[in-house]
Amino acid sequence: LGRIDAALRHLQACLSRGDVVLEPVNRVNTRGCLFDAYLRAFDDESAGVSIAEARSLADELGVEEALEGVLLREGRWHAAQGRWREAAESFAGAAEQARSQNHGIVAGLADAHRTRALAYAGEETPARPAGRGSEGEGYDRKGTPIAAVIAYLQADAEAEREPSPGIAAIGVPFR
């Protein structure tokens, strides 16, 4: 919201002064938050470095509880680069990790991201589960922000697979 510079300053301070005292999960999360800020600031190179550091640190420290978030961000990174197949793989890993931790909403979000990435890659996508609407797995609170994000991702995947006749006629790309 126009305060990316302040967020980056705070996160850099956390990284430089707090890394030695932070719990392992927070060391990984700091790098994940840096990734988010850099991606929003369109600093792709720094975003790439931050997500690579987060993944490496999560693996090194064995921080299972942070892995789903790292994989989701990794998928977003691949998607931002237009590397849709790699994005789908990262999102699939995030969904699997989330399910192993009983985080149904994160699994639903990762699945929706994966479906969208597969559609953009031109690959076959799984059908939306019957009667599930925009909810994530085990998640039925419609009208929440996360449900709206999942609904958007599903709709975007459907639009990529089968654009409306008007859009298809003029050939407007969604990417």
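Above: the structure in question.
This is a predicted model, so every value here is computed, not measured.

One can find T30 in helix 2 (residues 24-40). The residues contacting T30, other than those within four sequence positions of it, are L11, C14, L15 and L22.

Residues V28 and L72 are the most contacted members of the largest nonpolar core, which totals 41 residues. At eight residues, helix 6 (residues 104-120) tops the list of elements feeding residues into this core. Beyond its immediate sequence surroundings of up to four residues, L72 is in contact with F91, A94, V106, L109, A110 and H113.

One pass over the structure, following the stated rule, counts twelve salt bridges. Where D19 meets R27, a salt bridge forms, and the shortest distance between an N and an O atom there is 3.4 Å. Of the charged contacts, one joins R83 and E86 as a salt bridge, the two residues approaching to 2.9 Å between their closest N and O atoms. Put simply, D19, R27, R31 and E53 are held in one network by salt bridges that share partners.

Definitions and limits used
- Residues numbered from 1 in each chain as written.
- Predicted model: local features only at pLDDT ≥ 70, side-chain atom pairs only at ≥ 80, totals over all residues.
- Heavy atoms only, no water.
- Helix = DSSP H or I, 4+ residues; strand = E, 2+ residues; numbered from the N terminus.
- Contact = heavy atoms within 4.5 Å.
- Core = buried A, V, L, I, M, F, W, Y, C linked by side-chain atoms within 4.5 Å.
- Buried < 20%, exposed > 50% of the residue type's maximum accessible area, 1.4 Å probe, protein only.
- Salt bridge = Lys/Arg side-chain N within 4 Å of Asp/Glu carboxyl O.

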